[in-house]
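# Commentary on secondary and tertiary structure
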Amino acid sequence: MTLQKIPLRIEPIDIAARYHHIRSVPQQPNFAARIEGLDLTRPIGDAVRRELYQALLDFEVLFFPPQQITPEQHVALAGVFGEIAPGAFFPRKDGHPDVEVIEFNAQRPPEINIWHSDLTWLPEPPNGTVIQITELPAQGGNTAWASLSKAFAALSPGLQTYLEGLSATHTWEISGWRDALEKYAGVDALADALRKYKPVSRPVVRVHPESGRKVLFVNENFTKHIDGVHFRESRGLLEFLREWIVQPEFTYQHKWEPNGLAVWDNRTTQHYALTDYWPHRRVTQRVTFNAFGSAPTTQSTRAAVVADARAGAITA
Ligand SMILES: [Fe+2]
């Protein structure tokens, strides 16, 4: 037997047959597409909305060229892909509680340079996020995405079957949020969070409800252990999967331009924000969305999350 080095065979989507209203330019086979020629300062028509939605299913991460858009237009773009979600625990843009502002600078070192899907420790993690980079350092500050569907598809059938029978526990407690909460908000806030946000168990292999793609839904930031197996088996499997997921064939690293935008499907990707620019300043704004048909975010839900954000908690 020879050493197997070809991990995955991919048939590219027939873009010309599928798309008539937007121009999708994948950067890798069926992954990370640039959407060209779309003016986001104008209302987005129904036909374009449908194709953008399909493009996110097909390519998992989309990029839009730099544009000056208002916070309302940012929220409107997120609304193409789902219900606006409360988001995570970053500060909010003044007067726009749906828009989180993520700023790192000399005083606040960047700390999201770890592969993850967002908020997988929640019972219902968000479907995705629309992000715009508003201040870019002179060099560096790229973001990388990994395709969890490619990572699953490339595994051997035996391992796929084994993993499909497993679940894993996710918790923010193993992420940087725990230390940040204690440092910025104190032990009482930490104790409150421990009571409020309990670990969740979810399948290791998730089936995307719309595309049908199977994905490896474990990540280094929030997945604590595989359920019901010896801790050494869990540790070894998670380490293998962590390394497997971030192979170059499954990842794309995006070089930003100021005011460029991206949207990712949080169900099929992980991301990693490089911190090579520190101590320089990098600012992004983002709006998170849930599935269409899920409960709209209420004022009280948003207020609770914003209050947690104010407590100084930082996590992604
Ligand atoms: Fe994130």
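Residues numbered from 1 in each chain as written. Predicted model: local features only at pLDDT ≥ 70, side-chain atom pairs only at ≥ 80, totals over all residues.

### Some thoughts on the overall build of the protein
- Per the secondary structure count, the protein includes nine helices and 17 strands.
- Taking 20 Å as the expected radius of gyration for a compact globule of 316 residues, we find that the protein reaches 19 Å, a close match to that expectation.
- Referenced to the eigenvectors of the C-alpha coordinate spread, the extents of the protein come out at roughly 60 × 50 × 40 Å.
- Counting across all 316 residues of the protein, residues that qualify as buried make up 39%.
- Intrachain contacts of the protein at a sequence separation of at least 6 include 83% that bridge at least 24 residues. (Helix = DSSP H or I, 4+ residues; strand = E, 2+ residues; numbered from the N terminus. Rg over C-alpha atoms; globule rule 2.2 N^0.38 Å. Buried ≥ 20, exposed ≤ 12 C-beta atoms within 10 Å, placed from the backbone. Contact = placed C-beta atoms within 7 Å.)

### Some thoughts on the sheet that holds strand S16 (residues 269-273)
- Ordered by their spatial adjacency, three strands build an open sheet running S14-S8-S16, and the pairing between neighbours is antiparallel. Each of the sheet's edge strands pairs with one partner strand only, and the pair in question is strand S14 (251-254) and S16. Neighbour-to-neighbour, the strand axes of this sheet turn through a mean angle of 20 degrees, independent of strand direction.
- Direction of pairing for strand S8 (residues 143-147) relative to S16: antiparallel, over a ladder of five bridges. Among the inter-strand pairings, Trp 145 is bridged to a residue of S16, identified as His 271. (Pairing = 2+ DSSP bridges. Axes fitted to C-alpha atoms, helices over the stretch in contact; angles between N-to-C directions.)

### Some words on the nonpolar core
- The biggest cluster of nonpolar side chains holds 48 residues, and the ones touching the most others in it are Val 61, Leu 62 and Leu 216.
- Not counting the four nearest positions on each side in its chain, Leu 62 is found in contact with Ala 33, Ile 35, Ala 55, Leu 56, Ala 262 and Val 263.
- Counting residues in hydrophobic clusters, the runner-up holds 12 residues, among them Phe 89, Ile 102, Leu 181 and Ala 193. (Core = buried A, V, L, I, M, F, W, Y, C linked by C-beta atoms within 7 Å.)

### Let's talk about the sheet that holds strand S10 (residues 200-203)
- Judged by pairing direction, the sheet is antiparallel, and its three strands sit side by side in the order S10-S9-S13 without closing on themselves. Both outer strands of the open sheet, S10 and strand S13 (223-226), are each paired with one neighbouring strand and no more. The mean inter-strand angle of the sheet, taken between neighbouring strand axes irrespective of direction, is 30 degrees.
- Pairing of strand S9 (residues 167-170) with S10 involves four bridges; the strand directions are antiparallel. Note that in S10 the partner of Ala 168 across the bridge is Arg 202.

### As for the confidence of the model for the protein
- Residue-level pLDDT values for the protein average 93, and 93% of them are 70 or greater.
- Of the regions scoring below 50 in pLDDT, residues 312-316 engages in 22 contacts with residues more than four places distant in sequence or in other chains. (pLDDT = per-residue confidence, 0-100.)

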